[in-house]
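# Descriptive structure summary
For reference, the chains in residue letters:
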There are 2 protein chains.
Amino acid sequence: MTEDNRSAEVISIGTELLLGEILNTNAQFLAQELAQLGIPHYYQTVVGDNPLRIQKAVAIACERSRLLIFTGGLGPTPDDLTTETLAELFNVPLVERPEVLEDMARKFAQRGRVMVPSNRKQALLPQGAEILPNPTGSAPGMIWSPRAGLTILTFPGVPSEMKAMWRQTAVPYLMSQGWGQEIIYSRTLRFWGVAESTLAEKVAPLLQLTNPTVAPYAGNGEVRLRVSTKAPNEATALATIDPVVQQIQAIAGADCFGVDDDSLASVVGKLLMSKQQTVAVAESCTGGGLGHLLTTIAGSSIYFKGGVIAYDNQVKVNLLGVKPDTLVQQGAVSEDVACQMAVGVRDRLGTTWGLSITGIAGPDGGTETKPVGLVYIGVAESNQSAKAVRFQFGSFRGRDWVRWLSACSALDLLRRQLL
Amino acid sequence: MTEDNRSAEVISIGTELLLGEILNTNAQFLAQELAQLGIPHYYQTVVGDNPLRIQKAVAIACERSRLLIFTGGLGPTPDDLTTETLAELFNVPLVERPEVLEDMARKFAQRGRVMVPSNRKQALLPQGAEILPNPTGSAPGMIWSPRAGLTILTFPGVPSEMKAMWRQTAVPYLMSQGWGQEIIYSRTLRFWGVAESTLAEKVAPLLQLTNPTVAPYAGNGEVRLRVSTKAPNEATALATIDPVVQQIQAIAGADCFGVDDDSLASVVGKLLMSKQQTVAVAESCTGGGLGHLLTTIAGSSIYFKGGVIAYDNQVKVNLLGVKPDTLVQQGAVSEDVACQMAVGVRDRLGTTWGLSITGIAGPDGGTETKPVGLVYIGVAESNQSAKAVRFQFGSFRGRDWVRWLSACSALDLLRRQLL
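A quick note: this is a predicted structure, and the numbers were derived from the prediction, not measured.

### What to know about the UniProt feature "domain: MoaB/Mog" (unreviewed entry) in chain A
Under the UniProt annotation, "domain: MoaB/Mog" (unreviewed entry) lies at residues 9-177 of chain A. Helix makes up 41% of residues 9-177 of chain A and strand makes up 23%, while its end C-alpha atoms are separated by 17 Å.

Here you go:
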């Protein structure tokens, strides 16, 4: 097996990685992106904030890879050494870029902060290197070819900044340079309220396909089916992918809530807007998590009016009109209280829908009859009596997990009502 | 800077890592363990299931590290190549180990499964290698010194198996061989409301220390300083670390909100409990995110009563008593509305504190005078007039970022009030 002379290598720089303080999610993201672009990728290296060892690692990488992708070490502090170490290795002087300084000054001003001298070094790039703009952070990266047949890309270690820079600048640049001829296209179908194994059995024959391929993933309570094919262009790809996507949607029905970037919150939002309806929330154990999820969507103010965080029982009574007797007789975590919360918030905020959550997130507060993980989700539509659904999320995955599943399941319940 | 001649290197083998299909959590686990043992660890390498490239990577690692820790490639399938590739590289024959075969047969029987021929290869180890038992899985690893001054440990890629093997066999072996005499201890100081560069300059002399070392990190709007030292035991370590921790705390003052596992929410919770006070929230642009953060803490019901998600202006008026005139004259995103929201929720829920957030999360809704990222955070204490602080988070990092900073800054504002 000979090396592909167009292969890429990911080099992650940061002592915090070698101390295990952070997980190298950047390397996984870049690996996925390189696979999508069909760019061969045979090695990944992690090295600390040490100029000598960085130079040794780069020297090795230069011998076996033609595209070196660096993350980390672009910050303002003395242990951020990536740029200067690369310049030194290739014996090229660093030059201060006024446009970078201006951009950084503007961003600091926006945050009402003052730029300190140590930030200046973030404007230094090797002579001849192109700036790789950082739209979401202060320090830019660079696109640099220090010698023929070698391309260097540098990114900050902050994942959100690195991803934005990769997609907005690095990918178009790489394509323009002839990397990634055949691209892997895919669509991801997203499911809620169905187990991975159950779904896998329903679509078993499709999981055997070779083109497109259909691969199941599960995580965060959601199940996904990724339908992929390699093609020279999107039209060809979609002609292969879409028929299979439609087959899966037909089989899965309402369990499939969306595709690709859809989320439960965005799908619920689209359904409410199409019907010109509104929703309000009443939350106990989620403490505002459901409202927070609904408002992740820009423009959600069209259909989301607000709600009441009724963490304390007195708030359930005073602000939502839950009957004290019901709290005493049924307990706060009960079908009746969930229904009264949903109706109460719907009527007080004058929305089409009221959506409520009351449960035991744990780790304490569970009983024989009402264990940790028991959650009631209520939904009330105008001029109709409310109903509540009982969920048992279990305790073994902890408080955050119960709260997350509760908020998502509430969105899913409303989604199915709206269908 | 010379290499430590007792340094370790982690080599992760698996094409699935290069495709980004899995996250390399094994490397983080081993990094943490090596740091704890005080075993220097300067490089990590990831390479695919390819004998030639595995050999190249190992040849490089042998030159710079004395302890090579492999994960992955021990399975029964043809693409599991770690053991045979290492044997070939060092030109040592593989020998079938009957005790391994018996152990595997026993485990298969226990699970009512039949051992297939392909499992036999998992019993092959290089001549002279010790078996590294795998209590929770089928394939064992090995402890092998193919030449003087070089030790090789191999583990399966399955994290649970690798971890069990590491703790039960590898660590005792390494200690017995004189590795890890001194352990690295550290404390992490956590800061909010100060830029990394500003803090770094305030504590600049301390960043130059060699024992303990002080290293800054930034992420999610928070800044951290990690104070670390190598010591034979915790008492010795803390004697070195604590004076520096106290110096930093003295320099940083209220900007330092906690240590190690403290969070803004947990610190606010402790302060409220110590004063037997309570808080309620009134949220506009965060849509419940502040309440959700407060209730991440188990037992928060002692001091958090609930709140109102006043996303729509009518809700601000009806449920919080915000004056319609103020909304018209000042606009929803204004100092006065933030104050009225804080007072309104405090009085309606009968809490000691009312905390409010109103702002423009974007991406739309910004104006010349009120740009995206402008947020007012209000705080009201019982029997006192409210005050509001103006924040300018900018638009360049997006809606989620503005909402996250808003919720955290509200907690930080309350924290500083409680101090």
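More follows now that the structure is in view.
### Topic: the sheet that holds strand β12 (residues 256-259) of chain A
All names here are of chain A. If you trace the four strands from one edge of the open sheet to the other, you get β10-β11-β9-β12, paired in antiparallel fashion. Of all strands in the sheet, those bounded by a partner on one side alone are β10 (213-219) and β12. Along the sheet, successive strands turn relative to each other by an average axial angle of 25 degrees, direction set aside. Here β10 runs beside strand β11 (residues 222-231); their pairing, made up of seven bridges, is antiparallel. Directly across from T213, in β11, lies its bridge partner S228.

### Quick word on helix α14 (residues 335-349) of chain A
Residue and element names in this part refer to chain A. Given a rise of 1.5 Å per residue, 15 residues ought to cover 21 Å, and the 21 Å separating the end C-alpha atoms of α14 matches this to within 8%. Residues of α14 that are buried include every one of V337, A338, C339, Q340, M341, A342, G344, V345, R346 and L349, and no others. Phi for G350, located one or two positions after α14, is positive at around 60 degrees.

### Thoughts on the packing of helix α10 (residues 264-274) of chain A against helix α15 (residues 399-418) of chain A
Residue and element names in this part refer to chain A. Where α10 contacts α15, the two axes come as close as 9 Å, and the packing angle between them is 30 degrees. If you check the angle between α10 and α15, you find them roughly parallel. Viewed along their axes, α10 and α15 form a crossing whose handedness is left-handed. Listed contacts from α15 to L264, A265, V267, V268, L271 and L272 of α10 are C408, L411, D412, L414, R415 and L418. Residue classes in the contact of α10 with α15 are distributed as ten nonpolar, no polar and two charged.

### Topic: the pattern of salt bridges
Proximity of charged atoms lets side chains of opposite charge pair with each other. All names here are of chain A. If you walk through the whole model with that rule in mind, you get 36 salt bridges over all chains. The partner of K270 in a salt bridge is D262, with the nearest N and O atoms 3.1 Å apart. Each of K202, D255, D412, R415 and R416 takes part in salt bridges that share partners, so that together they form one network.

So, how was this worked out
Residues numbered from 1 in each chain as written. Chains lettered and ligands numbered in written order. Predicted model: local features only at pLDDT ≥ 70, side-chain atom pairs only at ≥ 80, totals over all residues. Heavy atoms only, no water. UniProt positions renumbered as here; feature names shortened; annotations may be inferred. Helix = DSSP H or I, 4+ residues; strand = E, 2+ residues; numbered from the N terminus. Pairing = 2+ DSSP bridges. Axes fitted to C-alpha atoms, helices over the stretch in contact; angles between N-to-C directions. Expected span 1.5 Å × (residues − 1). Buried < 20%, exposed > 50% of the residue type's maximum accessible area, 1.4 Å probe, protein only. Parallel < 35°, antiparallel > 145°, perpendicular 65-115°, else oblique. Left-handed = near helix turned anticlockwise from the far one by under 90°. Contact = heavy atoms within 4.5 Å. Nonpolar A, V, L, I, M, F, W, Y, C, P; charged D, E, K, R; others polar. Salt bridge = Lys/Arg side-chain N within 4 Å of Asp/Glu carboxyl O.

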